[in-house]
Amino acid sequence: ENRAMELLEANGWNLEKAADDFFRQTSTPADALSEAPRWGPRADGTQPAKNGRQPQGQLQPPAPTQPPPPRLPTDWQAIWAEAQQAYYFWHLPTNKTTWDAPETPDMVAAQRQAQVQENEQREEAVVAEVQDITGVDAATSRSLLEAQGW
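In this text the structure is predicted, and so the values were computed from the model without any measurement. (Residues numbered from 1 in each chain as written. Predicted model: local features only at pLDDT ≥ 70, side-chain atom pairs only at ≥ 80, totals over all residues. Heavy atoms only, no water.)

Notes on the overall build of the chain
Here comes step 1: Assigned secondary structure in the chain consists of five helices and three strands.
Here comes step 2: The order of α-helices and β-strands along the chain, N terminus first, is α-α-α-β-β-β-α-α.
Here comes step 3: By residue count, 13% of the 150 residues in the chain fall in the buried class.
Here comes step 4: Taking as baseline every contact in the chain between residues at least 6 positions apart, the subset at least 24 positions apart corresponds to 10%.
Here comes step 5: When the accessible surface of the chain is totalled, it reaches about 12,000 Å², and 53% of it is carbon and sulfur. (Helix = DSSP H or I, 4+ residues; strand = E, 2+ residues; numbered from the N terminus. Buried < 20%, exposed > 50% of the residue type's maximum accessible area, 1.4 Å probe, protein only. Contact = heavy atoms within 4.5 Å. Areas by Shrake-Rupley, 256 points an atom, 1.4 Å probe, with all protein chains shown as cover.)

Printed below as a string of structure tokens:
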């Protein structure tokens, strides 16, 4: 235990360096010839290289901790707020931020299309109701409604 404390203090409390020093000092000649790692996977999920150096370009990036940001107009940027576990949105030209996602042109067009379809369905329902009440055809029902300012 005292030796471990000495190694940690000597290596600035860097556990990995202290462990390397410990294993370097306790190696047997047979161990020195072997280039195999002396312990298993590291805390970050990587394997130590056989030559004791970190492999270049072989680290896998950590899995993202947040969902992907929504689609945004070109002048907006989504920024993850760790404390709220949510994105807020920054409008670059005005330097304003908001928690509400801005609408993309596609979203606006889709909303307009949905509104047009809803209005058409409502009109068809009114025409059908006039047909039921008056017993006339759809064209005549529309003419009656239009004459009344509809």
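Overview of the environment of Ser141
Here comes step 1: By the secondary structure assignment, Ser141 is in helix H5 (residues 138-147).
Here comes step 2: Classification of Ser141 by relative accessible area gives buried; the value is 0%.
Here comes step 3: Each C-alpha atom of the pair Ser141 and Gln131 lies 6.0 Å from the other, and the pair is ten residues apart in sequence.

Topic: the pairing of strand E1 (residues 76-81)
Here comes step 1: Relative to strand E2 (residues 86-91), E1 runs antiparallel, the two sharing six bridges. The partner of Ala78 across the bridge, within E2, is Phe89.
Here comes step 2: Here E1 folds back onto E2, and the loop between the two strands holds four residues, one of which, Gln85, carries a positive phi near 55°. (Pairing = 2+ DSSP bridges.)

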